[in-house]
Each structure stands twice: as C-alpha cells, then as structure tokens.
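# Survey of secondary and tertiary structure
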Amino acid sequence: MPAASQNALFGMGNPLLDICAVVDKDFLDKYGLKPNDQILAEDKHKEMFEEMVKKFKVEYRAGGATQNSVKVAQWMIQEPHNVGTFFGCIGKDKFGKILKEKAEEAHVDAHYYEQSEEPTGSCAACITGDNRSLVANLAAANCYKKEKHLDLEENWKLVEKAQVYYIAGFFLTVSLESILKVAKHASENNKIFCLNLSAPFICEFFKEALMKVMPYVDILFGNETEAAAFAREQGFETEDIEEIAKKAQSLPKENKKRQRIVVFTQGKEGTVMAKGDKVETFPVLEIDQSEIVDTNGAGDAFVGGFLSQLVQDKTFEQCIRAGHYAANVIIRHAGCTFPEKPDFH
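Every value quoted in this text rests on a predicted model; they were computed, and no experiment measured them. (Residues numbered from 1 in each chain as written. Predicted model: local features only at pLDDT ≥ 70, side-chain atom pairs only at ≥ 80, totals over all residues. Heavy atoms only, no water.)

### Describing the nonpolar core
For soluble globular proteins, nonpolar side chains are generally found buried alongside one another. Counting 52 residues, the largest nonpolar core has Met 12, Tyr 144, Val 182, Phe 193, Val 213, Phe 230 and Phe 264 as its most contacted members. Those residues within four positions of Met 12 in sequence are excluded, and the remaining contacts are Thr 66, Phe 86, Phe 87, Tyr 144, Leu 150, Tyr 166, Ile 167, Ala 168, Phe 171, Ser 178, Ile 179 and Val 182. (Core = buried A, V, L, I, M, F, W, Y, C linked by side-chain atoms within 4.5 Å. Buried < 20%, exposed > 50% of the residue type's maximum accessible area, 1.4 Å probe, protein only. Contact = heavy atoms within 4.5 Å.)

Encoded structure:
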C-alpha cells in the first residue's frame, strides 16, 4: 500500500515565480526599497524585474503560498510522485514556462489555467546580507476563472480524486466561487477542507468572503498575528490565542461528521491546536539563531509538513510534528527551498 495515492492532495492558489538575487544597496535605493520588507509592486517597479535578470545572477524558484505548501508536502512524502495537485493561473510567457518546469521538478501535478491578457505573476526577492526585500506582482495569478478552468471535466476529475484540500486565504481575493465549489464538494463527500487565514488584511478586508467559506472549513490554519486580527474582526473579545482557537472552532459548520480543528503557529513559541474539547500547545523544535537563514516560507512549510501526514491518515499530533520538522528545515535555507530528502520519522 503506497503511503499516499496520486492526486490525493489538492491545492489551488496564486502561482508566483520567485526571482531571487543578491543585489546591492544602489539597486534598492533606485527602486525605493527597504532592505527588509514585503510590498505589492507598483508602476515604478515594472522595469525592476527585467533589470534584476539582466544585472544580477538570479535564481528562479516557484513560489506562491499554496503552491509552496503542496511542494513541501510532496517533498515530505517523496513517493509516489504527483500526490499533490495544484491549480492556478499563469501567462503564456517565459516565467510561466519556468513555473511549469519547477513544478515538474518538485513532482507536483500542476494544471495551470494559461491566458495571454496578463503576464505570469512574480515576486522579486532582493537579497542584501541577511535581509530580503520582497516585491510581489500578482498579474496573471489574479485572472483565475472557475468556468474557464475548474469547471472543465478533466480538471474537475482531479478535484474529485483528492481526499484533502488546501487553499490559502490569499486566493479569496481572486476567486471566491472557485473556493466555494471545491469546499462544498469536500463537505458533501466528507473529505477534509483546509484553509489558511494567510494575512491580517484577509481577515479584515475580505471578511465577508472568508466567512462564506468558513462553514466548510475542517482545518483552519493561521499564525498569531492573523489569529488576533481574526478575533478582532469577529468580535471574539479576547486576545488569548487558546480562546481564539476555541471560538474559531465553534463557528457554524456544514459537515457535522467532522468537528473543526484549529491550528495556530506562533513563530518560535509553541503551536496551538484546538481539537475535540481541548486546546493543546506543542513546542517547536529548538534552533540556534545563527542557523536561521530566512524565516520566510516557514508558515507555508509548516502547512506542507502537516498536510503530508494528514493525507496519509496519521494522527494530528504526528501532523504537527511533521509541520514543525518541515518549518525547521526550511528556515535553514533561503526561500521556500529544501534539501534533496527529508529525515523525518
């Protein structure tokens, strides 16, 4: 019996090509970037992407939160290939081609909706010393269309093959109707649907969309900042993370066969899980500050590790251990990258 079956894990989100390069201070100044920051691209950054490729030695890495998590899950599982399926929108261009190649190298079964109105989304990671300045340009990722891709018979068949579904909250800004179609399918077939709060702005400005999806959420992920923003927006009247987890757990739910589980990470503090009638905290793996290269991607990696065990029917405690392991590995590397094979038991 293989550990997990092909296409058992389904992810849908914003595929972005990360363009990483060690740059100089002049480059940052030219484009008005802070050494350590995350922003959305504006008009003044348009040429920056081209210049980076021309001027510096760049590395291309397939990125985007959901796609990162699906990749990490596949890496943890190793065999068979294509346990992870990924849907998202790209352009018909060089960056799109690289994204396809990178997904293939990671043994993820990516099916992109390709359109020519917008170029493939990208995220420039401008590295100086220990710092990295991130500039994200969603572009094509924002053009995903349910009727143009998800509804097509050959694509929907892949959705039906899955047992576990994961979508980052970021995708709520792109296609709520796609998320709802997948979420309802999971709920009606007693499969597991997972959602990540992803960012405070999702909890605040996309609250309505988020709460339309919430009744279908079997596992809710988030970090401490997102949990706090969610609690404020929902009027939970508590800042205690365990209380927030409990209240999020008891929000209305469609499929009564599964009680919602809430998992909140807190960086180097323990991970909180509300399951059944108790809330537990699991300590993360110790790591020396000097061994941390880049904490960006740690959250995506945690979810990937968690999903890798979930799709193999392991206990939730084991899922959290795997999440902690994957995050611990990722923060020792630049970006959401990892060594050839995991060493997790």
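### Points about the pattern of salt bridges
Summed over all chains, the structure comprises 16 salt bridges. One continuous salt-bridge network, built from bridges that share partners, spans Lys 30, Glu 51 and Lys 55. (Salt bridge = Lys/Arg side-chain N within 4 Å of Asp/Glu carboxyl O.)

### Re the UniProt feature "active site" (unreviewed entry) in the chain
Per the UniProt annotation, the sites labelled "active site" (unreviewed entry) are Asp 300. Relative to the helices and strands, Asp 300 resides in helix H12 (residues 298–310). Given a relative accessible area of 17%, Asp 300 falls into the buried group. (UniProt positions renumbered as here; feature names shortened; annotations may be inferred. Helix = DSSP H or I, 4+ residues; strand = E, 2+ residues; numbered from the N terminus.)

### Here's the deal with the sheet that holds strand E3 (residues 37–40)
Within a sheet, adjacent strands bond to each other through the backbone by hydrogen bonds, running parallel or antiparallel. The strand order across the open sheet formed by 5 strands is E3-E8-E7-E2-E4, and the pairing between neighbours is mixed. Each end of this open sheet is capped by a strand with a single partner; those strands are E3 and strand E4 (59–63). Ignoring which end each strand starts from, the neighbouring axes of this sheet average 20 degrees apart. Examined bridge by bridge, E3 and strand E8 (residues 131–137) share 4 bridges and lie parallel to one another. Across the sheet, Leu 40 pairs through a bridge with Ala 136, a residue of E8. This element, helix H2 (residues 46–55), spans strand E2 (16–22), E4, strand E7 (122–128) and E8 of the sheet and lies at about 60 degrees to E7. This element, helix H3 (residues 65–77), spans E2 and E4 of the sheet and lies at about 90 degrees to E4. (Pairing = 2+ DSSP bridges. Axes fitted to C-alpha atoms, helices over the stretch in contact; angles between N-to-C directions.)

### Notes on the pairing of strand E13 (residues 269–275)
In terms of residue burial, E13 counts as a mostly covered element, since 5 of its 7 residues are buried. As defined by bridge partners, strand E12 (residues 261–266) adjoins E13 across 4 bridges and the pair is classed as antiparallel. Within E13, the position partnered with Val 263 by the bridge is Met 273. Where E12 folds back onto E13 in an antiparallel hairpin, the turn is made up of 2 residues, including Gly 267, whose phi is positive at roughly 60 degrees. In terms of strand pairing, E13 meets strand E14 (residues 278–282) through 5 bridges, oriented antiparallel. The residue of E14 that forms the bridge with Lys 275 is Lys 278. Linkage of E13 to E14, two consecutive antiparallel strands, is achieved through a turn of 2 residues, within which Gly 276 is found at a positive phi near 60 degrees.

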